[in-house]
Amino acid sequence: MALSGISRVRRQLPTSPWLFAAPGLLVTGAFVLYPFVSTLVNSFTDRRTLIPGRFVGLANFRELLHDDMFWTGLRNSTLYVLGVVPLLVVLPLLLALLVQKNIPGITFFRSAFYTPVVASIVVVGLIWVWLLDDRGLVNAMLETVGVGRVGFFSDQWLLLMSAMAVTVWKGLGYYMIIYLAALGNVPRELHEAAAVDGAGAVRRFLSVTVPAVRSTMVLVGALSSVAAFKVFSEVYLLAGPSGGPAGEDTTLVMLVQRTGTGLTGRVGYASALSVVVFAVTVALMLLVLRADRKEDS
């Protein structure tokens, strides 16, 4: 009886892990793999919202090269990465060093810095619209001190930088938590030894803290790069569906949404745009990882 029970268990073991993994695999297949394959296939067709479409080869990708809005979206998404990522790599680390100390009341500040992370992006966007509007709080304060009103939403570059500010403000607390976990693993003896050798606070930060959390900085850089290149909500809420003045603040993801939605949406062309966004985000992650490996070597 015992031997038959053991043999029965052995026969069941090869399938048991798949049974446990089946729910996750089904969800991944339905909401990740199938949409990815469908988007890839649609990028080679002229499909529209209500029309299945036919195979057109690389016609959609050739059209991208002559589409001014594509180059505008690529420029804005690239500028977004260049403007946001360095700040989200450095500022959360400094913030984590500030709130790492166990002093009275520090829990309040940790919670305050993390509050924007859990807030809805729509709520955050509306708050910043209220702040930066022509009749908003910021312009009212600038007018009070004699500077005059600033058209944050009427100027192409001010609008893009305002959206960057929203992204940085909302992401600070999230990456701060990641850095806090990494700082907790830095041996205190290293700081004490550096202090004994006469190193000041800045020197200890550059010689001890930064090397110890460098892998975390690479992780933050990769995550923030991908998120910044795929930005949508911040620019959409501040600039509106049109993408700012004459559409000059449109990002690639906004262009995907604008092109592929509606009863006459060009699903095939929007899918080609999505494939480009995917390829660029993968390239960004590979560049960050390659730079990290080169520094290690």
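Now for a description of the structure that goes with this document. (Residues numbered from 1 in each chain as written. Predicted model: local features only at pLDDT ≥ 70, side-chain atom pairs only at ≥ 80, totals over all residues. Heavy atoms only, no water.)

A few words now on the packing of helix 6 (residues 121-132) against helix 7 (residues 137-144). The geometry of helix 6 relative to helix 7 is characterised by a closest axis approach of 4 Å and an angle of 25 degrees between their N-to-C directions. Put simply, helix 6 runs roughly parallel to helix 7. Judged by residue contacts, W130, L131 and L132 of helix 6 engage L137, V138 and N139 from helix 7. Along the lines of polarity and charge, the residues of the contact of helix 6 with helix 7 split into five nonpolar, one polar and no charged. (Axes fitted to C-alpha atoms, helices over the stretch in contact; angles between N-to-C directions. Helix = DSSP H or I, 4+ residues; strand = E, 2+ residues; numbered from the N terminus. Parallel < 35°, antiparallel > 145°, perpendicular 65-115°, else oblique. Contact = heavy atoms within 4.5 Å. Nonpolar A, V, L, I, M, F, W, Y, C, P; charged D, E, K, R; others polar.)

Bringing the packing of aromatic side chains into the picture now. The description of two aromatic rings rests on the distance between their centres and on the angle between their planes. Counting across every chain of the model gives seven aromatic pairs. Aromatic side chains Y174 and Y175 sit 5.1 Å apart centroid to centroid with 75 degrees between the ring planes, which places their arrangement in the edge-to-face category. A relative accessible area of 40% means that Y174 is categorised as partly exposed. With relative accessibility at 7%, the residue Y175 sits in the buried group. Centroid distance F232 to Y236: 5.0 Å. Interplanar angle 25 degrees. Geometry classified as stacked. Stacked on the ring of Y269, the Lys or Arg R266 has its end atom at 4.6 Å from the ring centre. (Phe/Tyr/Trp six-rings, centres within 6.5 Å; stacked < 30°, edge-to-face > 60°. Buried < 20%, exposed > 50% of the residue type's maximum accessible area, 1.4 Å probe, protein only. Lys NZ or Arg CZ within 6 Å of the ring centre and 35° of its normal.)

On their own, these measurements won't tell you what the molecule is for.
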